[in-house]
Amino acid sequence: MAAGPVARVLVDSPLPQLDQLFDYRVPERLVNEAKPGVRVRVPLRSGGRIADGWLVELAESSEYEGRLAELDLVVSEVPLLAPEVWALARAVADRAAGNASDVLRLAIPSRYVRVERAWRAAEPDPGGLPAATAVTGYEAGVVEMGIAGGERMALAADPRPIKLPSGEWVGAWAVTLAEAAAATLAADRSSLLVVPDYRDQEQLQASLAEIVDPRRVLRTDARQTGGARFRSFLDAAGDAARIVIGNRSTVYAPAARLGLIALWDDGDALMNEPLSPGAHPRDVALIRQEQSGAALLFLGHGRSVEVERLVEIGWVRPVAPLRHVRPRVIPTEQQAAPEPGSARIPSAAWRQAQEAVQQGPVLVQVARPGHTPMLSCDRCREPARCAACGGVLAVPRAGGAPRCTLCGTSAANWRCAVCEATKLRAVTVGASRTAEELGRAFPRARVILSDGERTVLRVGAEPALVVATRGAEPVADGGYRAVLLLDGERMLLRESLRVAEDCLRWWSNAAALAAPGAPVYLVGVAGALAQALAGWRQLEWAGTELAARRALRFPPAVRVASVVAQHAGVERAIAAATAAAPGVDVLGPAPVDDELERAIVRFDYGAGAAVARALRAEMIRVATERRRPVAGRRPQRPRVLRVRADDPEVP
């Protein structure tokens, strides 16, 4: 054994074979600087390379029999990796068959030396703690006692806009989260509030400003500069209790005496983590809640099917509001057809919009941005594709020529590959074209367009027509006097297991922006989904949807992992997964391209750890396998094995 001090380091590398702690001797020159949690640079055996890493822990000795290499350099002056964040990263990586270093890239922002040194030199005043705050809208003391006891709760949000004392209007859900965080802070404990995007953060920050010292609130998101984000991270790592608000990566933030983790609208697609290992913040929050003992709160107008499963098995306790408030939703599928020039709006909804726009703002939700986002052949109705790359053809703006959405090639000489016709027709109408049509139909009304390119966070109480894509609806002072939900049938045509769940959530969030008693028209949709929205019975619908998925062994009734590799690699990975635990079954494999195939491995939650270990071992075997080139032959494509647990794109 080598004598200490010994640093155990996680090398920052995507290679699965390096996802472990390596022992390095701490040289005498670095003894005072080498502390758990600091960034370091260490030598690797191959080629004399130097790699970045994290000093996870210090030990007195090492079990390695040979001579240990020395730490090359201690990079950071401040320990950035807290022990609880490391434990969380390790658990998340193990669950998702991924690398802990990939998780830490999400959890810890890039270092800025000047910011770090300024933070060390300063003595910031975090402000005082608030007085004990009650969470209104629910039975007195229920939510507060649940937070104090570290419970897991699912709350149904109040679907109304609320006016803050400052005069600003926000969704009632933001006030609920702010009150829960303030109640936690009053006990000198920190909160992590996770929301899908910056629009939600603005409402939440405005609500917190009314009841909490702003110095106690930290914001972390991609819209900040790198230095500002790193400063917020350093403040969160301090000893003062804080409220940290941000998007999905906020669930990893350090927090002194963590008391609450809260997620708003966890079913939003923006919550899906695109970077490896792709762990959803809902799953990360569940792991962190178990490790820390903090309370966990899910809040939404509906309930994701994943949270519904947790409620059914008794892992999460549902909390109902004091009174059942529901918007006035009117399905229009059976009503009269749209009148000429009425922008696809049924006659009853059209007349109501004409009256409502004289009193205040009216919201029109559409499916897609742009002018004409999809075209088809006018004769055979076959979707129009680019002759160069096969991408979808669209008209980006009024008066523009059809172009490919992928390569930008003009479709001036387009010809249908099926019937040889040359004329195109619009299949879907985007937000900008809808705004033009409504502008002509309502010549005296101001038209406001809100989408991914045009950011509108709020509108006043003055008469206006607000055309917004799903998720980009601004908050209106006093609420919208009418809400028109267009393109419902087109939204439901998307090929996804979650399409109905997503649509119900989009419509519910838009309907919650209406003023009390204002009509909400759902255009072109009937059946159980329309009835669930009209009766504001999203929780019942989630239970029915979960039962259907359980009968078919679809997520979240079971867990899934997608495996992509060449045919032989897929077969070996499937064999390893099925041998790891009983009850594992496989869908596929199916071809992805000329060489790669994809299989879907389904397994029960109890088998998750064993299956993840088996797939992880197979990934390491493929990564470390050596193949000698054959003389006279072209180099073969490197073997690939990609595994993603709980893949949101499956099926």
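Each chain carries its own residue numbering, running from 1 in the written order of its sequence. Where local features are concerned, this predicted model is filtered to residues with pLDDT of at least 70; where side-chain atom pairs are given and counted, the filter is 80 or more; whole-chain, interface and lining totals use all residues. With hydrogens and water set aside, each side-chain value is computed from the structure's full complement of heavy atoms.

Chemist: What am I meant to see in the overall build of the protein chain here?
Modeler: Looking only at helices and strands, the protein chain features 17 helices and 30 strands. Relative to the 2.2 N^0.38 estimate, which gives 26 Å for 651 residues, the radius of gyration of the protein chain is 27 Å and therefore close to what a compact globule would have. Projecting the C-alpha coordinates of the protein chain onto the three principal axes gives extents of approximately 85 × 75 × 50 Å. The cut-offs for exposure are 20% and 50% of the maximum accessible area for each residue type, with area from a 1.4 Å probe on protein chains only; residues under the lower value are buried, those over the upper are exposed, and the others partly exposed. Counting the 651 residues in the protein chain, one finds 53% classified as buried. Long-range pairs, those at least 24 residues apart, make up 71% of the contacts in the protein chain between residues at least 6 apart in sequence. With residues, only the protein chains shown are counted as cover, and all accessible areas are computed by Shrake-Rupley using a 1.4 Å probe. Surface summary for the protein chain: the accessible area is close to 29200 Å², and the carbon and sulfur share equals 51%. When charges are tallied, Lys and Arg are placed among the positive residues and Asp and Glu among the negative ones, while His and the ends of the chain are skipped. Taken as the charge location is NZ of Lys, CZ of Arg, CG of Asp or CD of Glu. Positive and negative charge centroids in the protein chain, built from 81 and 75 side chains respectively, lie 4 Å apart. Strands are runs of DSSP state E lasting at least 2 residues, helices are runs of H or I lasting at least 4, and numbering of each runs from the N terminus. Throughout, radius of gyration means the C-alpha value; the globule benchmark is 2.2 Å times the number of residues raised to the power 0.38. Contact between two residues is taken to exist if any of their heavy atoms lie within 4.5 Å; hydrogens are not considered.

Chemist: How do you make sense of the packing of helix H1 (residues 83-95) against helix H2 (residues 100-107) when you look at a structure like this?
Modeler: A packed helix pair is summarised by two numbers, namely the angle formed by the two axes and the spacing between the axes. Two numbers describe how H1 lies on H2: the axes approach to 8 Å, and their chain directions differ by 130 degrees. As the angle between them shows, H1 and H2 are arranged oblique. Note that H1 runs across H2; the crossing there is right-handed. Contacts from Val85, Trp86, Ala89, Arg90, Val92 and Ala93 in H1 reach Ala100, Val103, Leu104 and Ala107 in H2. Axes here refer to lines fitted to C-alpha atoms; in helices the fit is confined to the stretch in contact. Angles between the N-to-C directions go from 0 to 180 degrees. Every angle not falling under 35 degrees, over 145, or within 65 to 115 is termed oblique; those three ranges are roughly parallel, roughly antiparallel and roughly perpendicular. In this scheme, a crossing is called left-handed if the near helix is turned counterclockwise away from the far one by less than a right angle; it is called right-handed if the turn is clockwise.

Chemist: It is not clear to me how the state of the cysteines should be interpreted in this structure. Could you clarify?
Modeler: By definition, disulfides here are pairs of cysteine sulfur atoms that lie within 2.5 Å. For the structure shown, the criterion picks out 0 disulfides. Left unpaired, Cys419 is separated from the closest cysteine sulfur, that of Cys377, by 3.5 Å. Residue class for Cys419 comes out buried when judged on its relative accessible area of 19%.

Chemist: Just checking my understanding: could you explain the sheet that holds strand S26 (residues 519-522) for this structure?
Modeler: Strand pairing in a sheet is mediated by backbone hydrogen bonds. Such pairs are either parallel or antiparallel. By the convention used here, strands pair only if DSSP detects at least 2 bridges between them. Strand order in the open sheet formed by 6 strands is S15-S26-S25-S16-S23-S21, with parallel pairing between adjacent strands. With one partner strand each, in any of the chains shown, strand S15 (328-331) and strand S21 (447-450) form the two edges of the open sheet. When the angles between neighbouring strand axes are averaged without regard to direction, this sheet yields 20 degrees. Pairing between strand S16 (residues 361-366) and strand S25 (residues 482-485): 4 bridges, direction parallel. Among the inter-strand pairings, Val364 is bridged to a residue of S25, identified as Leu484.

Chemist: Even after reading the chapter, I still don't get the packing of aromatic side chains, so can you show me in this structure?
Modeler: Between two aromatic rings, the relevant description is the distance of the centres plus the angle of the planes. By convention, a stacked pair of Phe, Tyr or Trp rings (six-membered ring in the case of Trp) has centres within 6.5 Å and planes under 30 degrees apart, an edge-to-face pair has planes over 60 apart, and any other such pair is tilted. For the coordinates displayed, the defined rule picks out 1 aromatic pair. Residues Trp173 and Trp264 carry aromatic rings whose centres are separated by 4.3 Å and whose planes lie at 5 degrees to one another, so their mutual orientation is stacked. Of this pair, Trp173 sits in helix H5 (residues 172-186) while Trp264 sits in strand S12 (residues 258-264), placing them 91 residues apart in sequence. No difference in accessibility class separates Trp173 from Trp264, as the two residues are buried. By the criterion adopted, a ring carries a charge over it if an Arg CZ or a Lys NZ lies within 6 Å of its centre and within 35 degrees of its normal. Lying across the ring of Tyr198, Arg223 places its NZ or CZ 4.0 Å from the centre.

Chemist: Whenever I open this one, the sheet that holds strand S28 (residues 585-591) confuses me. Can you help?
Modeler: Spatial strand order, S28-S29-S27-S30: 4 strands in an open sheet with antiparallel pairing. With one partner strand each, in any of the chains shown, S28 and strand S30 (641-645) form the two edges of the open sheet. Averaged over all pairs of adjacent strands, the angle between their axes in this sheet comes to 15 degrees, without regard to strand direction. Of the pairings in the sheet, the one linking strand S27 (residues 559-566) to strand S29 (residues 596-603) comprises 8 bridges and is antiparallel in character. Along S29, the bridge assignment pairs Ala561 with Val601. Its contacts with the sheet place helix H17 (residues 608-624) against S27, S29 and S30, and it is angled at close to 160 degrees to S30.

Chemist: Just checking my understanding: could you explain the pairing of strand S6 (residues 152-156) for this structure?
Modeler: S6 sits mainly inside the fold: 5 of its 5 residues count as buried. Where S6 meets strand S13 (residues 295-300), 5 bridges bridge the pair, whose relative direction is parallel. Along S13, the bridge assignment pairs Arg152 with Leu296.

Chemist: Mind showing me how you'd approach the environment of Ala89 here?
Modeler: As for its position among the elements, Ala89 is in helix H1. The class of Ala89 is buried, set by a relative accessible area of 1%.

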